[in-house]
Amino acid sequence: MKSSKERVLTKTDDTTLSYILSPPDNKGNISVEEALYNRRSRRDFQDKEISEKQLSQILWACYGITSPRAENSAMRGGLRTAPSAGALYPLEIYVLVGKVKNIKPGIYKYIAKNHKIVMTINRDLRKELCAAALNQEMISKAPAVLFYSAIYNRCTERYGNRGRERYVCMDLGHSAQNVYLQVEALHLGTCAIGAFNDDSVKKTMQLSSDEEPLYIMPIGYYLNKP
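Residues numbered from 1 in each chain as written. Predicted model: local features only at pLDDT ≥ 70, side-chain atom pairs only at ≥ 80, totals over all residues. Heavy atoms only, no water.

A. Representation of the nonpolar core in the model. The biggest cluster of nonpolar side chains holds 43 residues, and the ones touching the most others in it are Leu55, Leu91, Tyr108, Ile117, Leu146, Tyr148 and Val179. Contributing elements (two or more residues each) for this core: β2 (15-20), α2 (52-63), β5 (91-97), β6 (106-111), β7 (116-121), β8 (144-150), α6 (161-185) and β10 (212-220). Ranked by residue count, the leading element in this core is α6, at six residues. Formed by 22 residues, the second largest nonpolar core is a distinct cluster that contains Phe45, Leu96, Ala132 and Leu207. (Core = buried A, V, L, I, M, F, W, Y, C linked by side-chain atoms within 4.5 Å. Buried < 20%, exposed > 50% of the residue type's maximum accessible area, 1.4 Å probe, protein only. Helix = DSSP H or I, 4+ residues; strand = E, 2+ residues; numbered from the N terminus.)

B. Focus on unusual backbone geometry. At Ala87, a position not held by glycine, the phi torsion is positive, near 50 degrees. For Ala87, the location among the structural elements is in the loop between β4 (78-80) and β5. Residue classification places Ala87 among the buried positions, given a relative accessible area of 17%.

C. Focus on the pattern of salt bridges. Overall, the coordinates contain nine salt bridges when judged by the stated rule. One salt bridge in this structure joins Glu184 and Arg42, with 3.1 Å as the shortest N-O distance. In this pair, Glu184 is assigned in helix α6 and Arg42 in the loop between α1 (32-38) and α2, connecting sequence segments 142 residues apart. Take Arg42: its relative accessible area is 3%, and that puts it in the buried class. Between Lys141 and Glu137 there is a salt bridge whose closest N-O contact spans 3.4 Å. In this structure Glu137 comes out as partly exposed when scored by relative accessible area, which is 48%. (Salt bridge = Lys/Arg side-chain N within 4 Å of Asp/Glu carboxyl O.)

D. Region of interest: the pairing of β8. The buried fraction of β8 amounts to seven of the seven residues, a majority that puts the element mostly inside the structure. Of the two faces of β8, the one carrying Ala144, Leu146, Tyr148 and Ala150 and the one carrying Val145, Phe147 and Ser149 are both buried. Across seven bridges, the pairing between β5 and β8 is antiparallel. Counterpart to Leu91 in the pairing with β8 is Ala150. Taken together, the seven bridges between β8 and β10 define a ladder with antiparallel strand orientation. (Pairing = 2+ DSSP bridges.)

Next up, the structure:
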């Protein structure tokens, strides 16, 4: 299914491109056991685009809504595919789009409540993010790159330092493993990257002052199995 385009207004009254993503599937052709058995970190990607439908499925597996809870504003949409301490969901998910069919290159933020992506930077910055991440070339070569940041105060306001030092890390691990298994089920690959220059990454991604970078996950068709 092709994505539909939606125009929204920013606070500065500039138009921002957003895409309502295809509905995710909740049944697939590969068992959890098979995905677990075949899961590996893939570092070499083909120069081949992925589909909007694939990106939609991956973002949903990453942090999508599975049980809407409109009455609880702290959840920002409802319960999700990944567990979170106190259902506080401190993670923010972005995708750097390079070669995704029917989606313009640039950086987008995933809005789980509406299952859509909203452009934050109108430019393909995969090469710049690669440089900020110690020149790990898989970032610049993958057709799409997931990026995680955290807003720690969502957890620390309730749990103090334990929220920062433990619970956010747990949330990240839950979500990233979902991504690993989902891309495997789609016959794609990824590799979780935590080695990068924090300040350079924050500048490249234009993160807000309360966001801290956590993980980079390039995604695409891989060349060879390890």
